[in-house]
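# Examining the three-dimensional arrangement
Here are the chains, one letter per residue:
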Amino acid sequence: MTKLKLSKYGVVSDEVCEELKEVCLSKTQRKTPTVVHRQYSIGRIRAFYARKIKFLQQTLHDKLTQIIDEFPKMEEVHPFYADLMNILYDRDHYKIALGQMNTARHLIDGIAREYCRLMKYADSLYRCKMLKRAALGRMVKLLRRQKSSFEYLEQVRQHLSRLPSIDPNNRTLILCGFPNVGKSSFINTVTRADVEVQPYAFTTKALYVGHLDYKFLRWQVIDTPGILDQPLEERNTIEMQAVTALAHLKAAILYVMDISEQCDKTLAEQIHLFESIRPLFANKPVLVALNKTDIITRAELPAEKEAMLAALEKDGVPLLEMSTVSKTGVVEIRDRACDDLLAQRVETKLQAKKTTVSEGGVLNRVFVAYPEKRDEVVRAPFIPEGVLHRRVKGTVHNAGRGDQIARGFCSLIKLAALLEEEENLKAAGEYDEDLESEDEELAENARKIADKEEELRFMAREKKSLNGKRTSRSVTRKRERTMDKLEQTMGELGVEIAPKRMKHLQEMAGREHTVKKMKVGPSRSLSANRAESRDKLGIRDEKMVKGNKFKQKEGDKKLVKLDGVKKPEKPKTVVVVEKSAEEGRKEKKGEKKPKAVVVVEMSEKEGGKEKKREKKPVSEPAPEAVSKKEGGGEEAEGGKKKRPWRNKLRKAKAKEAARAERGENMEGVEEEGGGEGEGEKKKKKKKKKKRNAVLDEIIKDGKAATGRMDEEEEEEGAASSTKGDAKLEDAKEKIKGGIFRYINEQLYTVKSADAVELFKKEPDSFWAYHEGFAQQTKKWPNHPLRLIIQWLLSKESGKVVFDLGCGEAKIAEAVGKRHDVRSFDLVAVNERVTACDMAHLPEKDGTADIVVFCLSLMGTNLLDFIREARRVLKTGGILKIAEVTSRFVNPKMFVDAVCKLGFQVHERKAVTDYFIIMQFIKIDKVENKRPYGLVLKPCLYKKR
Ligand SMILES: Nc1nc2c(ncn2[C@@H]2O[C@H](COP(=O)(O)OP(=O)(O)OP(=O)(O)O)[C@@H](O)[C@H]2O)c(=O)[nH]1
Ligand SMILES: [Mg+2]
């Protein structure tokens, strides 16, 4: 370590701890989320505050770790620096301060951990916040307690950063001596350093470094503070720095003496100091510089002083004169010191283990010993004859082999001569014997080398095998565990393995190892406990499941398409279908069909809805059958009760109505349903044909058809108690139903103007429609008209009420006395009704207080109706719309669309599941003349 490098810790002010606290807290605030809401889940709130705690902890942890790591550890630095630091900063204090930093770091970690754990139990934002505050507070408080350590370490850091960069391993000259002897003057002279020079003692209080170049090498010169001649214990910190440098650095010592004694110390004192600190110079080249020779030279010194110096010189210490003022002797002293140091370093290196001890050491390779000359006798080297002879030949031989070398060093003539000589020798067979013998020798040596190598390899293998097995266990095992070996081993042990068993074992051994398959998905135990789907609960087999699904789909379709009339009937239909399906099996077994009763009941109500059931062959009435069918009826009731989602009240009402309608016909029908004949299909076809023919006629010519129907009625009226009466009644009802459905469809699919035209042409068709509609509404448990009438009655009297699509003008009839009710419809069924197109009312603008559409928004020009209603309404007037729920694609969208036409929604409520009543108030502003969403689905009946 050439220099103690310390970076900034981000803590620079005197208020180190406060700074650190502020830095960390503000960083926590900046780097973590700052917004938390009470409505957040408690988990999120906890995480929010826990994150703040953790962040501060981490920040402080990092800062403290940085401080601890960046301060040099005394055990790791060079002894010179360790001692210097001990002198300057006190080792114990330094270590305690760093230890406190470490403790604080651990404590902060502990606090954060503890509060994060507590945070898990916090049940509100307030508690979380308080815990966070407590944690942050404790951490900061802990930090504040380390204030003194922070300040101390900061001072150390600053001082360390100012220390000179001294490389303890570099070539160094150290200046030492009493204060004021001219050490700083010398360093300033030989280097570029600029150390303060003053004529008083202790000008230099610390170590200074200057650099110089000598013999193309870099040297460092260290100026030390002056040393006083006193015991080590009494030396102050300034002196101790010099002593430390002298003690630890391997350098050339330049002891500066002031022979002029201007430094207030006598020569004797200076020599005494030299002697007292001499132990520090052990194993270092020492040079004594006699300074200030410009004042007095050595020769001019008194004899006793010179004697002292001579004694010193005799002791092996070189004394050199110099003057930093006149610059005499300075360079010489520098060179001498450097040379001495270099020589010493070279000597040390040569003596080093690396160079001498080992066989192939550097010293052995480079050192060549020359015997010293003992006397004048000439001792010629003794060379044996054979050697001398071989040497000559070898030389020639070498020259012959190395043509290129010869070319480089010999002239062409010499080379030619040599070559000639070589050729001659070759031709004379001079080399043959020698070469052979040489080859043999070489071959012998090669053999020896090969043997030795082999031996070494063997030794290495042995050593390896002793150290442990190198092959993997699996490989060894694989090789060992063969079936043959097993068989052999077992045989040796006296155990005979059966051939079959052996075969099995072989198969097992031959089989590839497979990875155990992982099961993905829920475990068996979990899936075993899972409850069965509710769709399948209580269902016996797959057939039954399919049947149920089909019925469910059918039911859903009906729910969607159901109009105001059908909806209450739907549950019954489902029951009927289900019962017939269930009891179909009974029928096959010869049991009676109580479902037939219900079937007829349905077909009566819905105008021949269930053709299939009507066509069922009816056997001759039998007294037993009647009773059984009644029993069946009871079963059917029982079946209905099994439907928990049905509206009980609705069921009861519908049942009663059905019974009432059926009345007397029941018996006849029951009789019909009692049996099944072979000509069933034929009868059904006939019936169908007949009914279609009648319907066509009615549609073509309402009057004629009606007349015919009347005739038929009259004809059949005479024999109403007979079977034929029942059939005719049934047919009549169905025909009416058919007419109603047809007209209904027309009204929903054409514009109001076309509907007017239609009824103008066929006034009776309106009656048919009207009658059918009235019949349908009879069965409704709730009619929105009733609610509207009630609402109108609750209104202040004298309102002008427009009833659009009034039908029989029931509103006028009910509230006519209270309000001025004007009723409009396509056809005037009575005197209260004005026949007109609802899109063009024969009324002036802004005349109505209330406009009512009660199930009358039927034409395709819905937009015209609403606009017309708005026209006739006064500003602030009320528009009341009652419609079947199933007609709305999206009620909200519809309301929005109406509002855009210049209304403000006042009320929107559902009356039972089947109707929605809306109430709007007319405003002046029309947002959109053709708003999106003003759509109503037609209320169409299923075609049969
Ligand atoms: N006449 C003369 N004066 C010298 C010579 N060298 C140094 N001085 C003077 O001696 C005084 C002390 O010189 P410094 O170089 O400060 O001595 P120092 O040993 O560094 O002193 P401290 O830093 O106090 O230990 C100065 O006033 C120098 O001018 C010299 O060769 N001849
Ligand atoms: Mg000085």
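Structure: see above.
Keep in mind it's a predicted model, so treat the numbers as computed, not measured.

### Quick look at the overall build of the chain
When helices and strands are tallied, the chain shows 37 helices and 13 strands. Looking at the chain residue by residue over its 944 residues, the buried ones come to 40%. For the chain, the share of sequence-separated contacts (at least 6 apart) that also reach a separation of at least 24 residues comes to 70%. Taken as a whole, the chain presents about 57,300 Å² of accessible surface, with 52% of it coming from carbon and sulfur.

### A few points about the coordination of the magnesium ion (ligand 2)
The magnesium ion (ligand 2) binds to the protein through Ser184 (OG) and Thr204 (OG1), with metal-donor distances spanning 2.0 Å. Here the residue Ser184 occupies a position in helix 7 (residues 183–190), and Thr204 occupies one in the loop between helix 7 and strand 2 (208–214), the gap between them amounting to 20 residues. Thr204 shares its class with Ser184; the two are buried.

### A word on a positive patch on the surface
On the surface, Lys54, Arg113, Arg117 and Lys120 cluster together to form a positively charged patch. On the secondary structure map, Arg113 appears in helix 4 (residues 91–119). Judged by its relative accessible area of 55%, Arg113 is exposed.

### What about the packing of helix 7 against helix 11 (residues 330–351)?
Orientation of helix 7 relative to helix 11, taken along the N-to-C sense of each, is 85°, at an axis distance of 11 Å. Regarding the angle of helix 7 to helix 11, the classification is roughly perpendicular. Of the residues in helix 11, those in contact with Phe186, Thr189 and Val190 of helix 7 are Val330, Ile333 and Arg334. Across the contact of helix 7 with helix 11, the residue classes break down as 4 nonpolar, 1 polar and 1 charged.

### Focus: the site of ligand 1
Around ligand 1, the surrounding shell holds 23 residues, and the nearest of these are Asn180, Ser185, Phe202, Thr203 and Thr324. Contact between ligand 1 and Gln198: an oxygen atom at 3.4 Å from a main-chain N or O atom of the residue. Val325 is positioned with one of its backbone polar atoms (N or O) 3.3 Å from an oxygen atom of ligand 1. Considered on its own, ligand 1 offers 640 Å² of accessible surface; in the complex 88% of this is hidden by protein. A breakdown of the residues in the shell around ligand 1 according to their chemical character gives 9 nonpolar, 11 polar and 3 charged.

### Describing the pattern of salt bridges
A complete count under the given rule lists 28 salt bridges for this structure. Here Glu313 makes a salt bridge to Arg298, at a shortest N to O gap of 2.8 Å. Note that Glu313 is positioned in helix 10 (residues 303–314) and Arg298 in the loop between strand 5 (286–291) and helix 10, a separation of 15 residues in sequence. Residue Glu313 is classed as partly exposed on the basis of its relative accessible area, which comes to 35%. Given the relative accessible area of 12%, Arg298 is considered buried. Here Arg379 ties to Asp375 by a salt bridge, and the two come within 3.0 Å at their closest N and O atoms. Judged by relative accessible area, Arg379 falls into the partly exposed class, the value being 49%. A single network of salt bridges, built from pairs that share partners, joins Glu275, Arg278 and Asp315.

### A word on the state of the cysteines
Scanning all chains against the criterion turns up 0 disulfides. Cys836 provides the cysteine sulfur closest to Cys806, a residue in no disulfide bond, and the two sulfurs are 8.6 Å apart.

### Brief notes about the pairing of strand 1 (residues 172–177)
For strand 1, a buried count of 6 out of 6 residues is recorded, marking the element as mostly surrounded by other parts of the structure. Of the two faces of strand 1, both are covered, the one formed by Thr172, Ile174 and Cys176 as well as the one formed by Leu173, Leu175 and Gly177. Across 4 bridges, the pairing between strand 1 and strand 3 (residues 217–223) is parallel. Residue pairing across strands places Leu175 opposite Asp223, the latter belonging to strand 3. Summarising the sheet, strand 1 and strand 4 (residues 252–258) pair through 5 bridges and their orientation is parallel.

### With respect to the sheet that holds strand 8 (residues 820–825)
Strand order across the open sheet formed by 7 strands is 9-8-7-10-11-13-12, with mixed pairing between neighbours. Looking at the sheet topology across the chains shown, the edges are occupied by strand 9 (833–835) and strand 12 (903–911). Strand-to-strand twist of the sheet, defined as the mean angle between neighbouring strand axes without regard to direction, takes the value 20°. Bridge count for strand 12 against strand 13 (residues 915–922) is 8 bridges, and the pairing is antiparallel. Within the sheet, the bridge partner assigned to Arg908 lies in strand 13 and is Met918.

### A short note on the sheet that holds strand 4
Spatial strand order, 2-3-1-4-5-6: 6 strands in an open sheet with mixed pairing. The open sheet has two edge strands with one neighbour each: strand 2 and strand 6 (319–321). Here the strands of the sheet are splayed against their neighbours by 25° on average, with no regard to which way each runs. Contacting strand 4, strand 5 and strand 6, helix 10 runs over the sheet at an angle of about 130° to strand 6.

### With respect to the packing of helix 4 against helix 6 (residues 147–162)
Between helix 4 and helix 6, the least distance of the axes is 9 Å, while the angle of their chain directions is 125°. Between helix 4 and helix 6, the interaxial angle falls into the category oblique. Considering how the two elements wind past one another, helix 4 and helix 6 form a crossing that is left-handed. For the pair helix 4 and helix 6, the contacting residues are His93, Tyr94, Ala97, Leu98, Gln100 and Met101 in the first and Ser149, Phe150, Tyr152, Leu153 and Val156 in the second. The residue inventory of the contact of helix 4 with helix 6, partitioned by class, reads 8 nonpolar, 3 polar and no charged.

### Let's talk about the packing of aromatic side chains
Here a ring pair, both rings aromatic, is described through the centre-centre distance and the interplanar angle of the planes. Overall, the coordinates contain 11 aromatic pairs when judged by the stated rule. Members of the aromatic cluster, joined through ring pairs, are Tyr255, Phe274 and Phe281. Arg171 extends its terminal NZ or CZ atom over the ring of Trp219, reaching a point 5.9 Å from the ring centre. Over the ring of Trp791 we find Lys880, and its NZ or CZ is 3.9 Å from the ring centre.

### Examining the side chain of Lys183
Of note, Lys183 is situated in helix 7. Those residues within four positions of Lys183 in sequence are excluded, and the remaining contacts are Leu175, Cys176, Gly177, Phe178, Asp223, Thr224, Pro225, Gly226 and Val256.

### What about helix 6?
Under the 1.5 Å per step criterion, the end-to-end length of helix 6 is 23 Å for 16 residues, consistent within 8% with the ideal 22 Å. When we look at burial in helix 6, the residues that qualify are Ser149, Phe150, Tyr152, Leu153, Glu154, Val156, Arg157 and Leu160.

### Description of the environment of Arg822
Tracing the chain through its elements places Arg822 in strand 8. Owing to a relative accessible area of 26%, Arg822 belongs among the partly exposed residues under this scheme. Apart from the residues lying within four places of it in its own chain, the contact partners of Arg822 are Val800, Val801, Phe802, Asp803 and Glu843. Only 3.0 Å separates the side chain of Arg822 from the side chain of Asp820, close enough to count as a polar contact.

### Concerning the nonpolar core
Counting 104 residues, the largest nonpolar core has Ile53, Met139, Tyr255 and Val288 as the members making the most contacts within it. Ranked by residues supplied to this core, first place goes to helix 4 with 11 residues. A domain split of this core shows at least three residues from each of domain 1 (16–159) and domain 2 (165–351). Val756, Leu785, Ile788 and Val827 belong to the second-largest nonpolar core, a separate cluster that totals 41 residues.

Scoring rules and cut-offs
The written sequence of each chain sets the order in which its residues are numbered from 1. Chains carry letters from A onward and ligands carry numbers from 1 onward, assigned in written order. The predicted nature of this model means local features are confined to residues of pLDDT at least 70 and side-chain atom pairs, given and counted, to a pLDDT of 80 or more, with totals for whole chains, interfaces and linings taken over all residues. Computation of side-chain values: all heavy atoms of the structure, hydrogens and water removed. Secondary structure elements are taken from DSSP: a helix is a run of H or I of four residues or more, a strand is a run of E of two residues or more, and numbering for both begins at the N terminus. Burial classes: relative accessible area under 20% of the type maximum marks a residue as buried, over 50% as exposed, and values in between as partly exposed (1.4 Å probe, protein chains only). We call two residues in contact whenever any of their non-hydrogen atoms come within 4.5 Å of each other. What sets the accessible areas is the Shrake-Rupley method with a 1.4 Å probe; for residues, cover comes only from the shown protein chains. Think of the donor list as every N, O and S atom within 2.8 Å of the metal, or within 3.2 Å for Na, K and Ca; water never makes the list, so a site can look incomplete. To count toward a patch, a residue needs a relative accessible area above 30% and no salt bridge. Like charges then connect within 9 Å, nonpolar side chains (Val, Leu, Ile, Met, Phe, Trp, Tyr) within 5 Å. Note on definitions: salt bridges are taken to be side-chain nitrogens of Lys or Arg within 4 Å of carboxyl oxygens of Asp or Glu. In this tally, Asp and Glu contribute negative charge and Lys and Arg positive charge; neither His nor the terminal groups of the chain are included. Here the site of a charge means NZ on Lys, CZ on Arg, CG on Asp, or CD on Glu. Orientation is described by lines fitted to C-alpha atoms, with helices fitted over the stretch in contact, and by angles between N-to-C directions that extend from 0 to 180 degrees. Working rule for angles: under 35 degrees goes down as roughly parallel, over 145 as roughly antiparallel, 65 to 115 as roughly perpendicular, anything else as oblique. Classification convention: Asp, Glu, Lys, Arg as charged; Ala, Val, Leu, Ile, Met, Phe, Trp, Tyr, Cys, Pro as nonpolar; all other residues, Gly among them, as polar. Throughout, the term near means that a residue has one or more heavy atoms lying within 4 Å of the molecule or strand in question. We call two N or O atoms a polar contact when they sit within 3.5 Å, provided that within protein one can donate a hydrogen and the other can accept it, with sequence-adjacent residues counted only if both atoms are side-chain atoms. Sulfur atoms of two cysteines make up a disulfide when they are within 2.5 Å. Strands were regarded as paired on the criterion that DSSP finds at least two bridges between them. For a crossing to be left-handed, the near helix must be turned anticlockwise from the far one by less than a right angle; the clockwise case is right-handed. Working definition: a ring pair exists when centres of Phe, Tyr or Trp rings (six-membered ring for Trp) sit within 6.5 Å. Plane angles under 30 degrees give stacked, over 60 give edge-to-face, the rest tilted. The criterion for a charge sitting over a ring is simple: Lys NZ or Arg CZ within 6 Å of the ring centre, and within 35 degrees of the ring normal. To estimate how far a helix should reach, multiply one less than its number of residues by 1.5 Å. As used in this record, nonpolar core signifies buried Ala, Val, Leu, Ile, Met, Phe, Trp, Tyr and Cys residues forming a set joined through side-chain atoms within 4.5 Å. Where each domain begins and ends is defined by an automated method or by a domain database.

Purely spatial values, then, with no claim about function.
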